[in-house]
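Notes for the structure review
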There are 2 protein chains.
Amino acid sequence: MMADIGAHGGGRRVKNGHETLAASPGTTLAESLRQKLEEAIAAGHLEPGSRLDEQEIAQRFGVSRTPVREAFRLMAANNLVELRGRQGATVRSIKAQALIEMFQVMAELEGLCARLAARRVSQAWGAEIGKIHQRLVAAGETGDIDVFYDINQEFHEAIYEASRNTFLADQTRKLRNQVAAYRRRVTRMPNRIADTVREHEAIMQAILAHDPERAHSTMRDHVNLLGDNLLDFLAAFE
Amino acid sequence: MMADIGAHGGGRRVKNGHETLAASPGTTLAESLRQKLEEAIAAGHLEPGSRLDEQEIAQRFGVSRTPVREAFRLMAANNLVELRGRQGATVRSIKAQALIEMFQVMAELEGLCARLAARRVSQAWGAEIGKIHQRLVAAGETGDIDVFYDINQEFHEAIYEASRNTFLADQTRKLRNQVAAYRRRVTRMPNRIADTVREHEAIMQAILAHDPERAHSTMRDHVNLLGDNLLDFLAAFE
DNA sequence: ATGCCAATATAGGTATACATATCGACCCTC
DNA sequence: GAGGGTCGATATGTATACCTATATTGGCAT
């Protein structure tokens, strides 16, 4: 079922109770749609495997089919939807095997981020990541899963940036985005929060100690563990 | 300038001396266009930075603007063209800094391919890669640069496959494709052919010896060296 | 002469109309 | 009664017409 994707955001409101869509000049409808839909997928409002009906979405946002189609093409290239010619678009459903493969790559890329970060970080960055980590710990104690998830994301994002390799950061972000729909579920697993905090500490120490190899391996292990947890989680369902 | 992109390929020929376009059923015009254009870019027929005019291309292939636009969107997501809203599409021009970053990632990904390959390859694969390598050596001696380039590609492709991680293989292929337009030029550099042969031998030995770490490092070095050469080459021009 | 503003042209963005392939339902046959 | 084939509905793929934003060029003012 398609929940109320994009119910916030303040653009023009179109006539018949349609969803709103940012209409900032310089931006295009297709791009706005892509953002909205990707958010909806990442947030789990659009189930993997569910069909994306061009007309329905066009009506929902009060636009024609053309920008909707273009948004689909954009997302297809991000591996977020599958386009099977003449058979419509579906939210990409990732099989366990594919997830294993993706985590293997992601572990390597995030590991590279950490390695580069270890070589390049400044003192100021150390203070910043420290603050993020403190907030993560706090959220862990509160038990607010959604907040924890977001701060966790911030932590990794900070390391992407610290790698000072924008291409690498982009690639890693994209990949992270692809598995986001699945990843979110894992946060709710028994020891995941405590483990995450501990693993983040190890990563942080390695980076701040300017130890590239240790930064690499701790980060890689962290991502792989998450992947393992995710697979356990999926296995429990099917 | 736009050379004779897609002058070969045997689909229906459209009325007014247009380019041909494969019309295999089950495939879409947008997809066919994407392939043609990506080939043209990789082959260097479309210079980085050159403008892609929707109407011109539509006319050239005898289709409407719609599939052309969709092909652009598809390619944009592959990072092969840049779409600046309302300002048309251009073949992506990669700056030296970006190339450095991309090679850093590519080295890691190809390294991972090699590492996995070392763990997984069979005896049969060893024979096959050996044959490819022999052909590479032969082409090197002949001095046929284009053939050498293609066989070189085959060698790497064989390792992608051997990693048995289709996602990784896809990612690596895509990345390779993105720098293809630049990469081709490097093959013509003084010692590149001899170096390539030597480096490939080291990689091959490591993989066949089932030594993951050595496979990783030799491959990583190989890619990094190529990147360095490419940067030298570019530096000589600007 | 140079710089800024405005008007116009061009081309990308969007909407809609049309063609065609796929899927499902219903009927006929075995 | 079951299975297959055909016909029709629906949605995707494509074409085209229209709208609007951006760029360019020319004129005017400083």
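Details of the structure are given in the entry above.
The text that follows walks through the structure, step by step, so that each part is easy to find. From a predicted model like this one, the values you see are computed outputs, not experimental measurements. (Residues numbered from 1 in each chain as written. Chains lettered and ligands numbered in written order. Predicted model: local features only at pLDDT ≥ 70, side-chain atom pairs only at ≥ 80, totals over all residues. Heavy atoms only, no water.)

**Some remarks on the pattern of salt bridges**
Residues and elements named next belong to chain B. Worth spelling out the cut-off: Every case where a carboxyl oxygen of Asp or Glu lies within 4 Å of a side-chain nitrogen of Lys or Arg is listed as a salt bridge. Strands here are runs of E lasting at least two residues and helices are runs of H or I lasting at least four, both read from the DSSP assignment and numbered beginning at the N terminus. For each residue, the accessible area found with a 1.4 Å probe, counting protein chains only, is set against the maximum for its type, and the residue is called buried under 20%, exposed over 50%, and partly exposed in between.
Under the definition given, this model contains 38 salt bridges over all chains. The partner of E108 in a salt bridge is R220, and the shortest N-O contact between them spans 3.5 Å. Of the two residues, E108 sits in helix 4 (residues 96–120) while R220 sits in helix 9 (residues 212–237), which places them 112 residues apart along the sequence. We classify E108 as buried; its relative accessible area is 2%. Note that R173 is salt-bridged to E157, the shortest N-O span being 2.2 Å. Of this pair, R173 sits in helix 7 (residues 166–186) while E157 sits in helix 6 (residues 145–162), placing them 16 residues apart in sequence. When its relative accessible area of 24% is taken as the criterion, E157 is described as partly exposed.

**Thoughts on the sheet that holds strand 1 (residues 51–52) of chain A**
In a beta sheet, neighbouring strands are held together by backbone hydrogen bonds and run either parallel or antiparallel to one another. Residues and elements named next belong to chain A. How we decide: A strand pair is defined by DSSP finding two or more bridges across the two strands. Two residues qualify as a contact provided that any one of their heavy atoms is within 4.5 Å of a heavy atom in the partner residue. Axis geometry follows a simple rule: fit a line to the C-alpha atoms, using only the stretch in contact for helices, then measure angles between N-to-C directions, giving values from 0 to 180 degrees.
The strand order 1-3-2 describes an open sheet built from three strands, whose pairing is antiparallel. The strands lining the two open edges of the sheet, one partner per strand, are strand 1 and strand 2 (81–83). By the bridge criterion, two bridges tie strand 1 to strand 3 (residues 89–91) in an arrangement that is antiparallel. Each residue of the ladder has a partner; that of L52, found in strand 3, is A89. Taken strand by strand, helix 3 (residues 65–77) contacts strand 1, strand 2 and strand 3, and its axis lies near 110° from that of strand 2.

**Examining helix 7 of chain B**
Residues and elements named next belong to chain B. Here is the rule: One less than the number of residues in a helix, times 1.5 Å, gives the span that helix is expected to have. Bend at a given residue is defined as the angle between two axes, one fitted to the seven residues that end at that position and one fitted to the seven that begin there. Side-chain atoms alone can form a polar contact between residues adjacent in sequence; in general such a contact is a pair of N or O atoms within 3.5 Å, and within protein one must be able to donate a hydrogen while the other accepts it.
A rise of 1.5 Å per residue sets the reference length of helix 7, with its 21 residues, at 30 Å; its end C-alpha atoms lie 28 Å apart and thus fit the reference within 8%. A180 marks where helix 7 bends most, by close to 65°. The backbone nitrogen of F167 lies 3.2 Å from a side-chain oxygen of the residue at the head of helix 7, namely N165.

**Concerning the protein's contact with DNA strand D**
For clarity, the cut-off: If a single non-hydrogen atom of a residue is within 4 Å of a molecule or strand, that residue counts as near it. Residues are grouped as follows: Ala, Val, Leu, Ile, Met, Phe, Trp, Tyr, Cys and Pro are nonpolar; Asp, Glu, Lys and Arg are charged; all remaining types, including Gly, are polar.
Taken together, 20 residues sit near DNA strand D, with A:R69, A:R86, B:L29, B:S64 and B:T66 positioned nearest. When atoms of DNA strand D within 4 Å of the protein are split into backbone and base, the sugar-phosphate part holds 67%. The separation between a phosphate oxygen of DNA strand D and a polar side-chain atom of A:R69 is 2.7 Å. Interatomic distance of 2.9 Å between a side-chain N/O atom of B:T66 and a base nitrogen of DNA strand D. Looking at the surface near DNA strand D, the elements with two or more residues in it are helix 2 (54–61) and helix 3 of chain A together with helix 1 (29–42) and helix 3 (65–77) of chain B. Its residues assigned to classes, the surface near DNA strand D comprises four nonpolar, eight polar and eight charged.

**Here's the deal with the protein's contact with DNA strand C**
Close to DNA strand C lie 19 residues; A:L29, A:S64, A:T66, B:R51 and B:R65 are nearest. What you see for DNA strand C is that sugar and phosphate hold 65% of its atoms within 4 Å of the protein. Here a base nitrogen of DNA strand C and a side-chain polar atom of B:R86 are 3.0 Å apart. Mapped by element, the contributors of at least two residues to the surface near DNA strand C are helix 1 (29–42) and helix 3 of chain A together with helix 2 (54–61) and helix 3 of chain B. Looking at side-chain class alone, the surface near DNA strand C contains four nonpolar, seven polar and eight charged residues.

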